[in-house]
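One letter stands for each residue in the lines below.
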Amino acid sequence: MSEFKVFVTRQLPPTSLERLAQHCDLEVWDDFLPPEYEIVLGKVGELDGLLCLLTDQIDAALMDAGSNLKVISNMAVGFDNIDIPAASQRRIPVGNTPGVLTQTTADFAFALLMAAARRIAEGQRYVQNGHWLTWHPTVLSGQDVYGATLGIIGCGRIGAAVMCRAQGFDMRILVNSLETEEEVRQLGGEKVSLDELLAASDFVSLHVPLTDETHHLISERELAKMKPTAILINTARGSVLDPKALYAALKDGQILAAALDVTDPEPIPADDPLLALDNCLIVPHIASASVATRAKMAEMAVDNLIAGLRGERLPTCVNPEIYEQS
Ligand code: GLV
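Everything numeric in this text was worked out from a predicted model, so none of it was measured.

Novice: Before we go on, may I ask you to explain the overall build of the protein in this structure?
Specialist: When its secondary structure is counted, the protein shows 13 helices and 12 strands. Its C-alpha atoms give the protein a radius of gyration of 21 Å, within 12% of the compact-globule value 20 Å for 326 residues. When the backbone C-alpha atoms are referred to their principal axes, the protein occupies close to 70 × 50 × 30 Å. The 326 residues of the protein split such that 49% are buried. Counting contacts in the protein only where the partners sit at least 6 residues apart, residues at least 24 apart contribute 58% of the total. Element-wise, carbon and sulfur atoms account for 54% of the exposed surface of the protein, whose accessible area totals about 15,700 Å². The average position of the 25 basic charges and that of the 44 acidic charges among the side chains of the protein differ by 4 Å.

Novice: Please clarify how the sheet that holds strand β1 (residues 5–8) should be interpreted in this entry.
Specialist: Sheets are built from strands paired through backbone hydrogen bonds, the pairs being either parallel or antiparallel. Strand order in the open sheet formed by 5 strands is β2-β1-β3-β4-β5, with parallel pairing between adjacent strands. In the strand order of this sheet, the two ends are held by β2 (25–28) and β5 (94–95), each with one partner. Relative to strand β4 (residues 71–74), strand β3 (residues 49–52) is paired through 4 bridges, and the arrangement is parallel. Looking at the pairing, Gly-49 lines up with Val-71 of β4. Here helix α1 (residues 14–21) sits on the sheet in contact with β1, β2 and β3, set at roughly 145° to β2. On top of the sheet, helix α12 (residues 291–309) reaches β1, β3, β4 and β5; it is set at about 175° to β4, its chief contact.

Novice: How should I be thinking about the site of the ligand in this particular structure?
Specialist: Taken together, the neighbourhood of the ligand is formed by Leu-54, Ala-76, Val-77, Gly-78, Leu-101, Arg-237, His-285 and Met-297. Between the ligand and the protein, one listed contact pairs an oxygen atom with a backbone N or O atom of Gly-78 at 2.8 Å. Here the ligand has 190 Å² of accessible area as a free molecule, and 89% of this is covered by the chains. When the residues that make up the shell around the ligand are grouped by side-chain class, the tally is 5 nonpolar, 2 polar and 1 charged.

Novice: Which parts of the structure should I look at to understand empty space enclosed by the protein?
Specialist: Gaps left between atoms are located by rolling a probe of water-molecule size over the structure's atoms. All chains considered together, the criterion is met by 1 cavity of 30 Å³ or more. Of the voids in this model, the largest cavity is the one considered here, and its volume is about 70 Å³. Around the largest cavity sit Gly-238, Leu-241, Pro-243, Leu-246, Leu-260, Val-262, Thr-263, Asp-264, Ile-268, Asp-272 and Leu-274, which together line it.

What counts as what
Residues numbered from 1 in each chain as written. Predicted model: local features only at pLDDT ≥ 70, side-chain atom pairs only at ≥ 80, totals over all residues. Heavy atoms only, no water. Helix = DSSP H or I, 4+ residues; strand = E, 2+ residues; numbered from the N terminus. Rg over C-alpha atoms; globule rule 2.2 N^0.38 Å. Buried < 20%, exposed > 50% of the residue type's maximum accessible area, 1.4 Å probe, protein only. Contact = heavy atoms within 4.5 Å. Areas by Shrake-Rupley, 256 points an atom, 1.4 Å probe, with all protein chains shown as cover. Lys, Arg positive; Asp, Glu negative; His and termini not counted. Charge placed at Lys NZ, Arg CZ, Asp CG, Glu CD. Pairing = 2+ DSSP bridges. Axes fitted to C-alpha atoms, helices over the stretch in contact; angles between N-to-C directions. Near = heavy atom within 4 Å. Polar contact = N/O pair within 3.5 Å; in protein donor to acceptor, adjacent residues only side chain to side chain. Nonpolar A, V, L, I, M, F, W, Y, C, P; charged D, E, K, R; others polar. 1 Å grid on protein atoms, 1.4 Å probe; cavity = no way out; pocket = protein on both sides within 12 Å on 5 of 7 lines; lining within 4 Å. Points joined across faces, edges and corners; volume = space filled by probe spheres on them.

Here's what the structure looks like:
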């Protein structure tokens with residue numbers, strides 16, 4: 001235990017917390033649900049370090065209230081819950097957990113693609129509801145994955161890992177991303193415009209971070225460009241997709257189906273109309289949720305936090321420019 005005071009906004013795997021406790025005076029939020037913003041705000045004044053999750057909103061006001069805050073460590077690869085420019089202005093390093101969740105998340109994106117294509121969740125409901133009376137030539141017919149065209153929007157680590165899986169299914173892969181044509185080609189894809197991708201893909205999978213530019217990247221106009229047989233997969237962030245436009249497109253048969261690991265808002269309210277659609281598969285933001293990967297994410301978040309307390313460069317820092325400032 002040292003003089004550093006740290007707050008962790010949820011229970012993490014015990015080995016990670018035990019390691020962290022050796023470096024600081026540790027308080028861990030014990031509830032299943034996240035602490036309210038005001039609770040974190042009330043504590044931050046005496047904190048040296050904050051280890052938070054993507055469910056915690058960390059804004060400039062909270063940073064201002066934390067005059068001793070030396071580090072913010074987010075246990076997630078995404079960091080749209082944190083005002084990064086505000087952290088950089090205050091020279092607070094922010095850590096995230098890239099890399100360790102890439103393959104697990106790509107597995108899950110592909111699992112959603114397969115599940116939506118072959119109507120697996122609908123099939124389970126059909127059996128559970130006692131509708132399975134016979135083998136039938138047309139019941140629950142889905143879409144083929146093998147040999148189909150996959151559109152990847154955003155070709156960072158996770159998008160590229162989804163492309164690897166798609167190659168095993170002999171898919172044609174179209175990519176819309178910031179990478180060069182050559183980089184995309186090396187990964188086995190063809191770089192195309194967003195509109196070309198939407199018009200030609202049987203499956204469209206979203207892998208961009210949420211920013212001002214990607215907010216509602218897929219809305220009415222984009223959905224209207226897609227094939228009526230197309231399936232949309234979102235494992236990025238809920239508001240990359242406009243939920244009202246998605247509902248209309250699914251209801252009117254403008255696209256065939258969607259599979260969402262992420263929604264806007266999260267959690268999705270129980271009376272959200274998307275939940276009433278058979279052609280919309282929704283799961284609760286679990287793409288990185290394997291036991292091993294979540295343990296690695298916790299370890300990385302702890303590594304970042306400890307480095308920040310010691311005044312060392314964070315191993316994975318999302319605002320490294322703070323180290324260049326004089
Ligand atoms: C999960 O969505 C993450 O950003 O790690």
